[in-house]
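Here is how the chains run, residue by residue.
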Amino acid sequence: MSFAARRLAQAVPLLLIISLLVFGLIHAAPGGPLSLYLDNPNVRPEDIARLRRAMGLDRPLGTQYVSWLAAFVRGDWGYSYADGRPVTERMIERVPATLQLVGVSTLLAVIVSVVVGVGAALRRGVDRAASVGSVAGLSIPVFWLGLVLQLLFSNTLGWLPSSGRASFAGGGLADRLAHLVLPVAVLAVAHAAGWSRYLRGSVRLALAQPFTNAARARGVTESRIVLRHALRHALLPFATVVLLDASIMASGAVVTESVFAWPGIGSLFTEALAKRDYTVLMAFLMCASVAVVTLSFLADVAVHALDPRTRGEP
Amino acid sequence: MRPGAIEIPRQAAIALGVLVALVLLAALAPVISPFAFDALDLARRRAAPSASHWFGTDELGRDLLTRVLFGARVSLAVGFVSAAVSVLLGIAIGATAGWAGRWIDALLMRITDAMLAVPRLPLLMIAAAVLAPNVAALVLLVGAAGWMETARVVRAEVQSIKANDFVTAARAVGAASPRVVMRHVLPGVLPTAAVATTLAVGRGILLESALSFFGVGVQPPAASWGNMLYQAQTTMTSEPWLGIFPGAFIFLTVLCCNAIGTALTDRATNR
């Protein structure tokens, strides 16, 4: 069996465990997914009974799980409790905004991490500052950083818009870019804090290897050794770490999008949370987990293909 | 420095000092503060920070500094207790997997992987929304969402300790598995567990604050730093102090925990 097939065979039970977890969580509510209606004096008990039957909630849990999972795999994610539209439709229309935000902030975080990580591996002064900055970045509550930046740059200085993806009037490219700045900065800080530390560690590790000493002995300049030899050595594991952090990115996107009213999947999630819109919440958690498992699968397969050392003896 | 003495890095010592000071301030809050936790002063609502109210007052004229100190009790308690829950669970699961091996190990590690793949904050937000927990249950939830990292490192540690001769010797003289694990294996895991705990405290405080910020964590009238921010977010422009101070305390506390954790990690890796 090829590596990819074996790795895929591991991912399937993983996804099954995750689906059990998500399903169990929603059904752990006293009263199940309809608990919201139980406290509502306007909903009569016979209506609840009818809804339970209509939604299949009166069937055994195991049956419900199997039919839910089968429908989910087919792309039928049910209807939103909030507005009755298909969950798939509500989620798909939010995807572009999230991809834009996460994509731009990841790119920025990667660039910052490479610059800071390489600088920290080379210069002691940079290393000290970077390590303080990194611990600070990992410790700052993301939503609070967002609120403080809004206060400073939008309300006090008036330089940047505080929320949304574009002005109501529409606005051109400059307007859209201005709306991107703060949310991207917040997400990038959160990611670069961890990644720069990791890259610094792996560049230093590479600089201690015999092959960098050999290059030094051949008279290769120090900056070239770092950029051409050590960084290259460090980049593949770094790329894996970035991909494996998809789970943290999803959490970060939920918080950042909500604070900045960014119309992506993350703010759809918090809107659904406020309304206890369980079908949307389940779909979000499943999609995010499937994305995490898929990215880690791709990372493993890519490393296996690109790095002969990970293949072992045939 | 005399040989054998434990060298504590300066930042970690400062961080520990600040953390101890915060715990003392929180514990002694009723003694220190001239104001009661829920004393209203309707004549001075939404007052900016001043000599009498250092952090200002909120929309009901309650002293914010007093509320931040009382909020510290909840936030710190959630942080420390949830970290204890996480680490104990992590040790139990990791040690079981590492010691038992075979299918038990495989099963536990798949569950660990699955838990790691589900984004932690949204998972907890749904759990908190569904279960509407009180503070004690919230601590358990946050703790139950944080054991995976500890379980992984403890498992690796147990696997390497298991291969030592002193373990074989203990088993050879007839010691039962539970005794070998408790007396010979787990003590070796303690340094790893200590690092995991400091990091888990910071993570627990951040998670509680995020949950409360989204309105599904600690519920009013109880105050935690997170739910103070939840209430402050709508008035951030007119009364910024209501949001700035509680958030700054979250930041400071988590910074101290992470600084100690980083110092311990550096010590462990340089050795």
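Sequence order as written defines residue numbering, which begins from 1 separately in each chain. Key to labels: chains lettered from A, ligands numbered from 1, both in the order written. Confidence filtering applies because this is a predicted model: local features only for residues at pLDDT of at least 70, side-chain atom pairs given and counted only at 80 or more, and all residues used for totals across whole chains, interfaces and linings.

## Comments concerning the overall build of chain A
Here comes step 1: What chain A contains, in helices and strands, is 14 helices and 0 strands.
Here comes step 2: Along the three orthogonal principal directions, the C-alpha set of chain A runs to about 85 × 60 × 35 Å.
Here comes step 3: The exposure scheme places C-beta atoms from the backbone and then counts, for each residue, the other C-beta atoms within 10 Å of its own, assigning buried at 20 or more, exposed at 12 or fewer, and partly exposed in between. Within chain A, buried positions represent 36% of all 314 residues. In DSSP terms, a helix is any run of H or I states spanning at least four residues, a strand is any run of E spanning at least two, and both are numbered starting from the N terminus.

## Brief notes about the overall build of chain B
Here comes step 1: From N to C terminus, chain B includes 11 helices and 0 strands.
Here comes step 2: Reading chain B from its N terminus to its C terminus gives the helix and strand order α-α-α-α-α-α-α-α-α-α-α.
Here comes step 3: Taken along its principal axes, the extent of the C-alpha atoms in chain B is 75 × 55 × 25 Å.
Here comes step 4: The burial tally for chain B puts 48% of its 271 residues in the buried class.
Here comes step 5: Expressed as a percentage of contacts within chain B between residues at least 6 apart in sequence, the contacts between residues at least 24 apart total 68%. The contact rule is simple: place each C-beta atom from the backbone, and if two of them lie within 7 Å, those residues are in contact.

## Quick notes on the nonpolar core
Here comes step 1: For the purposes of this analysis, a nonpolar core is taken to be any set of buried Ala, Val, Leu, Ile, Met, Phe, Trp, Tyr and Cys residues that are connected through C-beta atoms within 7 Å. Of all hydrophobic cores here, the largest spans 155 residues; its most connected members are V203, L281 and L285 of chain A together with L124 and M125 of chain B.
Here comes step 2: When neighbours within four sequence positions are excluded, L285 of chain A is seen to be in contact with V22 of chain A together with V118, P122, L123 and I126 of chain B.

## Considerations on the interface of chain A and chain B
Here comes step 1: At the junction of the two partners, chain A supplies 37 residues and chain B supplies 40 residues.
Here comes step 2: At the level of elements, α1 (3-27), α7 (124-139), α8 (142-156), α12 (246-259), α13 (265-274) and α14 (278-306) of chain A are the ones that each hand at least two residues to the side of chain A that touches chain B.

## Remarks on helix α3 (residues 64-100) of chain B
Residue and element names in this part refer to chain B.
Here comes step 1: Multiplying one less than the number of residues by 1.5 Å gives the expected span of a helix. Counted at 1.5 Å a residue, the expected span for α3 with its 37 residues is 54 Å, and the 52 Å between its end C-alpha atoms agrees.
Here comes step 2: Burial runs high along α3: 26 of the 37 residues are buried.
Here comes step 3: With its phi angle positive at about 65 degrees, G101 sits one or two positions after the end of α3.

## So, the packing of α3 of chain B against helix α7 (residues 148-162) of chain B
Residue and element names in this part refer to chain B.
Here comes step 1: Lines fitted to the C-alpha atoms define the axes, with helices restricted to the stretch that makes contact. Angles between their N-to-C directions range from 0 to 180 degrees. It is the contact of α3 with α7, at a shortest axis distance of 7 Å, that shows an interaxial angle of 40 degrees. The angle between α3 and α7 falls in the class oblique. For the pair α3 and α7, the crossing hand works out as right-handed. The segment α3 lies against α7, with S86, V87, G90, I91, I93, G94, A95, A97, G98 and W99 engaging T150, A151, R152, V154, R155, V158, Q159 and K162.
Here comes step 2: Each residue is assigned to one class: nonpolar for Ala, Val, Leu, Ile, Met, Phe, Trp, Tyr, Cys and Pro, charged for Asp, Glu, Lys and Arg, and polar for all the others, Gly among them. Here the contact of α3 with α7 is built from residues that sort into 9 nonpolar, 6 polar and 3 charged. We call two directions roughly parallel when the angle between them is under 35 degrees, roughly antiparallel when it is over 145, roughly perpendicular when it lies between 65 and 115, and oblique otherwise. Handedness of each helix crossing follows the sense of rotation of the near helix against the far helix: counterclockwise by less than a right angle gives left-handed, clockwise gives right-handed.

## Regarding the environment of H27 of chain A
All names here are of chain A.
Here comes step 1: For H27, the position within the fold is in helix α1.
Here comes step 2: For H27, a count of 16 C-beta atoms within 10 Å puts it in the partly exposed group.
Here comes step 3: On a C-alpha basis, the gap between H27 and R200 in space is 45 Å, while along the polypeptide they are 173 residues apart.

## Some details on the confidence of the model for chain B
Here comes step 1: Scored between 0 and 100, pLDDT is the confidence that the predictor attaches to each residue. Residues with a pLDDT of 70 or more make up 92% of chain B, whose mean pLDDT is 82.
Here comes step 2: What the predictor reports for the complex is a pTM of 0.86 with an ipTM of 0.85.

## Notes on unusual backbone geometry
Here comes step 1: Backbone geometry at R276 of chain A places phi at a positive 50 degrees, although glycine is not the residue there.
Here comes step 2: Residue placement: R276 of chain A occurs in the loop between α13 and α14.
Here comes step 3: For R102 of chain B, which is not glycine, the phi dihedral falls at a positive 45 degrees.
Here comes step 4: The residue R102 of chain B is located in helix α4 (residues 102-117) in this model.

## A look at the packing of α13 of chain A against α14 of chain A
Residues and elements named next belong to chain A.
Here comes step 1: The contact between α13 and α14 brings their axes to 8 Å, and the two run at 145 degrees. Classified by chirality, the crossing of α14 by α13 is left-handed. Taken together, the residues of α14 that come into contact with α13 (itself represented by I265, L268, F269, A272 and L273) are V280, L281 and F284.
Here comes step 2: In terms of residue class, the contact of α13 with α14 is made up of 8 nonpolar, no polar and no charged.

## Focus: helix α4 (residues 61-73) of chain A
Here comes step 1: Spanning 13 residues, α4 of chain A covers 18 Å between terminal C-alpha atoms, matching the ideal 18 Å at 1.5 Å per step.
Here comes step 2: G75 of chain A lies just past α4 of chain A and shows a positive phi near 95 degrees.

## Some words on the confidence of the model for chain A
Parts of the model with low pLDDT should not have their predicted coordinates read in detail.
Here comes step 1: Overall, the predicted model of chain A reaches an average pLDDT of 83, with 93% of residues at or above 70.
Here comes step 2: No element of chain A has a lower mean pLDDT than helix α2 (residues 35-38) of chain A, at 66, and none a higher one than helix α6 (residues 95-122) of chain A, at 89.

## Observations concerning the environment of R120 of chain B
Here comes step 1: As for its placement among the helices and strands, R120 of chain B is situated in helix α5 (residues 120-131).
Here comes step 2: Here R120 of chain B falls in the buried class, since 20 other C-beta atoms lie within 10 Å of it.
Here comes step 3: Ignoring sequence-local partners within four residues, the contact set of R120 of chain B consists of S251 of chain A together with A145 of chain B.

## Observations concerning the environment of L99 of chain A
Here comes step 1: Assignment of secondary structure puts L99 of chain A in helix α6.
Here comes step 2: Residues L99 of chain A and A253 of chain A, spaced 154 residues apart in sequence, show a C-alpha to C-alpha distance of 10.0 Å.

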